[in-house]
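Examination of the molecular architecture
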Amino acid sequence: MSALDILAIGEPLYELAEAEIGGERVYRPGFGGDISNLAISAARTGARVGIFSHLGDDRFGHAFRDLWDREGIDRSTVRSPKGTKTGLYVISYGEDGHAFSYLRDGSAASRVTPEDLPLDAIGRARLIHVSGISQGISSSAADAVFAAIAHARAHDTLVSYDTNYRPALWPLDRARAVINAAMAGADIARPSLDDARELTGLQTPDEIADFYLGLGCRLVVMTLGRDGVFVATPQERRGIPPRRVDAVDATGAGDCFGGAFLAEWLRHGDPFEAAAYGNAAAALKTLGQGAVATSPKRSEVEAFIADGTLPRRSASTLALRS
Ligand SMILES: O=C(O)C(=O)C[C@H](O)[C@H](O)COP(=O)(O)O
């Protein structure tokens, strides 16, 4: 594996998104999993990206390999232990937006242990990205993430951590203990405001930024849902307004933001500008269904920022939901 800008570690999930076609309910296949979504967004922004995970020894595992090859993502450390399965999730849509149900217990990624980690690649990457999902899927995966963070820190590799708290994966007290402990080893804290309120018991973006900066993070990039993003460094804090579009599906918008943000920040070092770029990318992602089909390329984000031009999409990548 050549040196990467970003190595993302965690679980890819094959996606089935509920849709209605000709009056019939169908489940459209796609690709999800927070760290794979983030990796694809960063690669489409222009970063050199790799993924470490275990995929199932099944058709879904093959589908991910093909996807990552198409996206130019390095998968040289990914293994498929014999007889294992790739996790799956179903997205359904209701009045309150989207909801996920999981078929992931015992998945290949959840069986990863610290011994499986690609230490050389972690030590040579500029940054590793991990999340509360990467740790919530099993105790051995949680241990692997702690070991990856320790190895990264010992080799001057930056650590980015997205809280991505999923109550279906673990109880709040356990998630809080693990995520807050891991965050103390992170350089970039990437919570959502909702997650951070649950995980810290604090309310305002300022209090929450103080909490993560106090743990030792050097950058806090907090998504505020419809209100944009709040970016804090020890020296400066700013709210970055959202970009508004006619959203169809917000699944994966946070991950799309995260990938675009990290790729841009690593490129020029300005977190406020990178967050504005990430907001534009995330807005374009919401124009279509599923976690990554409409995650935009750099040229599309730049055209949108320049004059509001929206990407042209083939009908098959747009929502078929009635
Ligand atoms: O829940 C999980 O474990 C997944 O990885 C499924 C999804 O692909 C991401 O969760 C989407 O993440 P958002 O960007 O927060 O919408």
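Residues numbered from 1 in each chain as written. Predicted model: local features only at pLDDT ≥ 70, side-chain atom pairs only at ≥ 80, totals over all residues. Heavy atoms only, no water.

An unreviewed UniProt entry annotates the protein chain as 2-keto-3-deoxygluconate kinase of Enterovirga rhinocerotis. In UniProt, the protein chain has this text filed under Sequence similarities (unreviewed entry): "Belongs to the carbohydrate kinase PfkB family." (UniProt positions renumbered as here; feature names shortened; annotations may be inferred.)

1. Some remarks on the environment of Arg312
Tracing the backbone shows Arg312 in the segment after helix H11 (298-307). On the accessibility criterion, Arg312 (83% relative accessible area) is exposed. With 165 residues separating them along the chain, Arg312 and Ala147 place their C-alpha atoms 43 Å apart. (Helix = DSSP H or I, 4+ residues; strand = E, 2+ residues; numbered from the N terminus. Buried < 20%, exposed > 50% of the residue type's maximum accessible area, 1.4 Å probe, protein only.)

2. What to know about the site of the ligand
In the region of the ligand, 19 residues are neighbours, and Asp34, Tyr102, Arg104, Arg166 and Gly252 sit closest. Within the contact set of the ligand, an oxygen atom lies 2.8 Å away from a backbone nitrogen or oxygen of Asp34. At 3.1 Å from an oxygen atom of the ligand is found a main-chain nitrogen or oxygen belonging to Gly254. In isolation the ligand has 400 Å² of accessible area, and contact with the protein removes 93% of it. It is helix H9 (residues 253-268) that contributes the most residues to the shell around the ligand, three residues altogether. When its residues are assigned to classes, the shell around the ligand shows eight nonpolar, seven polar and four charged. (Near = heavy atom within 4 Å. Polar contact = N/O pair within 3.5 Å; in protein donor to acceptor, adjacent residues only side chain to side chain. Areas by Shrake-Rupley, 256 points an atom, 1.4 Å probe, with all protein chains shown as cover. Nonpolar A, V, L, I, M, F, W, Y, C, P; charged D, E, K, R; others polar.)

3. Quick word on the confidence of the model for the protein chain
Overall, the predicted model of the protein chain reaches an average pLDDT of 95, with 97% of residues at or above 70. Scored below 50 in pLDDT, residues 314-322 shows 20 contacts in the model against residues more than four places distant or in partner chains. Both scores are given for the predicted complex: the pTM is 0.96, the ipTM 0.96. (pLDDT = per-residue confidence, 0-100. Contact = heavy atoms within 4.5 Å.)

4. Quick word on the packing of helix H5 (residues 139-154) against helix H6 (residues 172-183)
Relative orientation of the contacting elements H5 and H6 amounts to 15°, with a least axis distance of 10 Å. Classified by the interaxial angle, the pair formed by H5 and H6 is roughly parallel. In this structure, H5 crosses over H6, and the sense of that crossing is left-handed. Counted together, Ser139, Phe146 and Ile149 of H5 and Arg174, Val178, Ala181 and Ala182 of H6 form the full contact between these two elements. (Axes fitted to C-alpha atoms, helices over the stretch in contact; angles between N-to-C directions. Parallel < 35°, antiparallel > 145°, perpendicular 65-115°, else oblique. Left-handed = near helix turned anticlockwise from the far one by under 90°.)

5. Let's talk about the nonpolar core
Among the nonpolar cores identified, the biggest contains 46 residues, and Trp68, Ile73, Leu127, Val221, Val231, Phe261 and Trp265 are the most heavily contacted of them. Apart from the residues within four sequence positions on either side, Leu127 is in contact with Asp5, Ile6, Leu7, Thr157, Leu158, Ser160, Ile188, Leu262, Trp265 and Leu266. Formed by 40 residues, the second largest nonpolar core is a distinct cluster that contains Val159, Tyr161, Ala175 and Ala189. (Core = buried A, V, L, I, M, F, W, Y, C linked by side-chain atoms within 4.5 Å.)

6. Focus on the packing of aromatic side chains
Inspection of the entire model under this criterion finds seven aromatic pairs. Residues Tyr89 and Phe100 carry aromatic rings whose centres are separated by 5.2 Å and whose planes lie at 80° to one another, so their mutual orientation is edge-to-face. You can see Tyr89 sitting in strand S5 (residues 87-94) and its partner Phe100 sitting in strand S6 (residues 97-103), a full eleven residues away along the chain. When its relative accessible area of 28% is taken as the criterion, Phe100 is described as partly exposed. Between Phe211 and Tyr212, the ring centres sit 5.2 Å apart and the planes meet at 80°, which makes this aromatic pair edge-to-face. Tyr212 gets classed as buried once you look at its relative accessible area, which sits at 0%. By way of ring pairs, the aromatic residues Tyr14, Phe31, Phe60, Phe64 and Trp68 are connected into one cluster. If you follow Arg238 out to its NZ or CZ, it ends over the ring of Phe272, 4.0 Å from the centre. Stacked on the ring of Phe304, the Lys or Arg Arg243 has its end atom at 4.6 Å from the ring centre. (Phe/Tyr/Trp six-rings, centres within 6.5 Å; stacked < 30°, edge-to-face > 60°. Lys NZ or Arg CZ within 6 Å of the ring centre and 35° of its normal.)

7. Points about the UniProt feature "domain: Carbohydrate kinase PfkB" (unreviewed entry) in the protein chain
In this structure's numbering, the residues bearing the UniProt feature "domain: Carbohydrate kinase PfkB" (unreviewed entry) are residues 28-297. Along residues 28-297, the helical share is 42% and the strand share 19%, with 22 Å between the first and last C-alpha atoms.

8. Side note on the sheet that holds strand S3 (residues 24-32)
Taken together, four strands build an open sheet; the order of strands is S3-S2-S5-S6 and the sheet is mixed. Only two strands of the sheet have a single neighbouring strand rather than two, namely S3 and S6. Along the sheet, successive strands turn relative to each other by an average axial angle of 30°, direction set aside. Note: S5 against S6, seven bridges, orientation antiparallel. Among the inter-strand pairings, Leu88 is bridged to a residue of S6, identified as Leu103. (Pairing = 2+ DSSP bridges.)

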